[in-house]
Amino acid sequence: MLLQNRDDLFAVLRQLNLLLVEDDELIRDSLELFFANEGCRLEVQASAEEGLQLVRVRDFDVVITDFRLPGMSGLDFLRVLQDMQPEAQKILLTAYMDEEVLAEAFRLGVHEFIEKPIATEDIEEALSRLIRRRRPDKQPLPEGV
Amino acid sequence: MTAGLLLALLLGGGLGAGGAGWYFRRLLRRERREKQRQMEAALRRQVDEVFAVFQAIDGGVYVADMDTHEILALTGRDRGSFDASVVGGKCYEQAGAGRPGPCLFCTNRILLDTAGQPGPPVIREFRNPWNNAWYLAIGRAIHWFDGRLVRMEIAINITERKRAEEALRRSEQNFRELVENSLVGIMLIQDGEIIFQNPEQQRLLGRLPRSFNLEEFTAVHPEDRGKVRESYRKISVGLAPQVDLDFRLYTGGRLDDTALVWVYCRARPIDFQGRKTVLISMMEITRIKELERLLRLQDRMSSLGRVAAGIAHEIRNPLSGINISLATLRQIYDQPQHRGKVEDIFRRLATASGKIEAVVKRVMDFSKPGQLHPRAMSLNEPVSEALELAGVFLSKHRIGLEVELAPSLPPCRLDPGQIEQVVLNLLTNSAEAMENLPREAVRRLKITTRVLADGVELLVDDSGPGLAPGVQEKIMDPFFTTKPEGTGIGLNISHRIINDHGGSLETCAGKLGGACFRIYLPASAV
């Protein structure tokens, strides 16, 4: 089976376009550095509005967004994204697992939830599960994977 | 009569001297009798006329023989005792003494002076044991129309007045007992001097000498002396019809802390014995204050609990930053080419730890229990602190916060922790009320501080559903709540906190269509 270890995961991730929408500068910067260090392309945006501007012009394979954002919420952002890029895999970050939010997220086809405080292991596991699930679907992945 | 006399003279002249003398004597006797009869009739008429006057009084008048005690005449409205049927009977039979002879209190002896002539009237009050009626009796010896001295007594029924007097006496006694045994300390002050203290008040204040100068308020805790003096001034000059306040008091005239109690005091001006008087009642509320302090603490914790999810977020964000940075650090810390990145990560770790510390400090400051420790400061300070604490909580509720703080507010004497608690209460109340709005509804919350002529005000205005009719009057009452899991102490305590600061908390007409609360706080005297 693929993705037995971190190296396999990042080997796949390096071929994907990743987007992070997170208003907390610390999380944004540290995740950006973390992925950059693994040689992955992670675009970062501080708000849903800025994130939308980007998804209008570029396709993403994985979109990670915080739930609580200034202005438009992470859920509303995912709702618009679902219309524009239904193939994108969605991960929601949240500090509190509110049942109402969870139900709405499921309805929008959110694939993974990560509860704060985030550890890199949580992100790696979520991404691994995402990619494992995608593989049998024979969805076209970028060449070389 | 003159014509008759003439006729007699003429006839007498004609009939001879012997027969004429007899005739004249008879005539004269008849004449005298007739005269006496006429005089008696005139006197009787006079007596009847005088008696007619007494028919108007509640009571009556009677005349009795001073020797035989026989009732000669009587009149009056008071039937039963003054009925015509008793004429001819003995006066003592009517007095109800039940004696076979004259009454022990018979006034006959004292109605005549030493020469046996009528003396001055004798006035007395007595109760008739037969009918239990009270009379004011005025007795005097008078000459009856037949010439003898008789006793006339006017008796006015004063039972009503007596009953009223008795009722008044009883009521005064009851009031005195109530006041003496009251659990509330009561005292009366005239021109700054204590003219009355009940036992409870003596316990609270000590048995103070009349000359004690109350207006120096030495028995009041120094921190409360200002507000007590101000309230007393308001009452003394008639600025307020009544003042209610609580303060700390040194009991029993001792000025050490073991003698310190909390009292609730009410003062109002009254008219006492025709003089301007201040009525002061006091109740010891030390235990109530202690319970209230615990309740306030509980409310403080519960308001913190309401924003806890937001606070968790504020800690978990920097914690996430630390976790992720550590993971990166593990990868690169020993690679010289990444030295710049490693240093960058260290900087981030320090920032994240600082953020967590700031949140923890804010929570600790807020939850620190304490007495009221007011100091002069801008209202904006505790308001900003509360907004910091509630920030994430509010955005979690998707609330658009608009903050308009006046740049230079005059300082007020505030306990920052308590004011922060009040503001936090109002913010979380608004947020929770807007929770029930339809998902797409705009949620607005506007916080404004403004300078007023004699103080400052804070407005907390929201676009929520507003207060239902009937709720507005009750909303500050203890244990009144509109929330299923609410305790109903939050607003009540907020109200008390603001009162303690000499200000007011009330609902007002907002501009955003929901509920609006207004806090007024007086500026501190410089």
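Residue positions are given per chain, counting from 1 as you read along its sequence in written order. Each chain gets a letter, beginning with A, and each ligand a number, beginning with 1, in the order they are written. Only residues with pLDDT of 70 or above have their local features reported here, since the model is predicted, and side-chain atom pairs are shown and tallied only from 80 upward, although totals for entire chains, interfaces and linings are computed over all residues. For the side-chain quantities, the full set of heavy atoms in the structure was used; hydrogens and water were omitted.

**Things to note about the environment of Thr481(B)**
Residue and element names in this part refer to chain B. Note on conventions: DSSP H or I runs of at least 4 residues are helices, E runs of at least 2 residues are strands, and numbering of each starts at the N terminus. Its location among the elements puts Thr481 in the loop between helix H13 (471–474) and helix H14 (490–500). Thr481 gets classed as partly exposed once you look at its relative accessible area, which sits at 30%. Here the alpha-carbon distance between Thr481 and Gly119, two residues 362 residues apart in the chain, equals 83 Å. Only protein chains enter the accessibility calculation, which uses a 1.4 Å probe; a residue whose area is less than 20% of its type maximum is buried, one above 50% is exposed, and one in between is partly exposed.

**Points about unusual backbone geometry**
Most peptide bonds take the trans form, and the phi angle of most residues other than glycine is negative. Between Lys116(A) and the following residue, Pro117(A), the backbone shows a cis peptide bond with an omega angle of 0°. Along the polypeptide, Pro117(A) turns up in the loop between strand E5 (112–115) and helix H6 (120–134). For Arg398(B), which is not a glycine, the phi torsion comes out positive at approximately 55°. Along the polypeptide, Arg398(B) turns up in the loop between helix H11 (380–396) and strand E12 (400–405). Since its relative accessible area comes to 34%, Arg398(B) is described here as partly exposed.

**So, the packing of H11(B) against helix H12 (residues 416–435) of chain B**
All names here are of chain B. A fitted line through C-alpha atoms serves as each axis, taken over the contacting stretch for helices, and the angle formed by two N-to-C directions is quoted from 0 to 180°. Where H11 meets H12, the axes come as close as 8 Å, and the angle between the chain directions of the two elements is 35°. H11 and H12 meet at a crossing whose hand is right-handed. Contacts between H11 and H12 involve Pro382, Val383, Glu385, Ala386, Leu387, Leu389, Ala390, Phe393 and Leu394 from the first element and Pro416, Ile419, Glu420, Val423, Leu424, Leu427, Thr428, Ala431 and Glu432 from the second. Basically, the charged four are Asp, Glu, Lys and Arg, the nonpolar ten are Ala, Val, Leu, Ile, Met, Phe, Trp, Tyr, Cys and Pro, and anything else, Gly included, counts as polar. Along the lines of polarity and charge, the residues of the contact of H11 with H12 split into 14 nonpolar, one polar and three charged. Whether a crossing is left-handed or right-handed is set by the direction in which the near helix is turned from the far one by less than a right angle, anticlockwise for left-handed and clockwise for right-handed. Here, residues are in contact when the closest pair of their heavy atoms is within 4.5 Å.

**Remarks on the pairing of strand E7 (residues 193–197) of chain B**
Residues and elements named next belong to chain B. In short, DSSP must find at least two bridges between two strands for them to pair. Bridge count for strand E6 (residues 185–190) against E7 is four bridges, and the pairing is antiparallel. Bridge assignment links Leu188 to a residue of E7, and that residue is Phe196. Between E6 and E7, which follow one another and run antiparallel, lie two residues, and Asp191 among them has a positive phi close to 50°.

**Here's the deal with the domain arrangement of chain B**
Domains are outlined according to an automatic or database domain assignment. Its domain assignment divides chain B into domain 1 (48–162), domain 2 (182–284) and domain 3 (293–522). Summarising the inter-unit geometry, the C-alpha centres of domain 2 of chain B and domain 3 of chain B are found 40 Å apart.

**What about the environment of Pro199(B)?**
Here Pro199(B) lies in helix H6 (residues 199–205). As a C-alpha pair, Pro199(B) and Leu505(B) span 306 residues in sequence and 37 Å in three-dimensional space.

**Notes on the nonpolar core**
Counting 47 residues, the largest nonpolar core has Leu379(B) and Leu521(B) as the members making the most contacts within it. Counting only elements with at least two residues in this core, the list comes to helix H10 (339–367), H11, strand E13 (412–414), H12, strand E14 (444–451), strand E15 (455–462), H14 and strand E17 (516–522) of chain B. Element by element, the count of residues in this core is highest for H12(B), at eight residues. Core analysis: the next-biggest nonpolar cluster, separate from the first, contains 27 residues, Val12(A), Leu16(A), Leu93(A) and Ala126(A) among them. Only buried residues count toward a nonpolar core, which is a set of Ala, Val, Leu, Ile, Met, Phe, Trp, Tyr and Cys residues joined through side-chain atoms within 4.5 Å.

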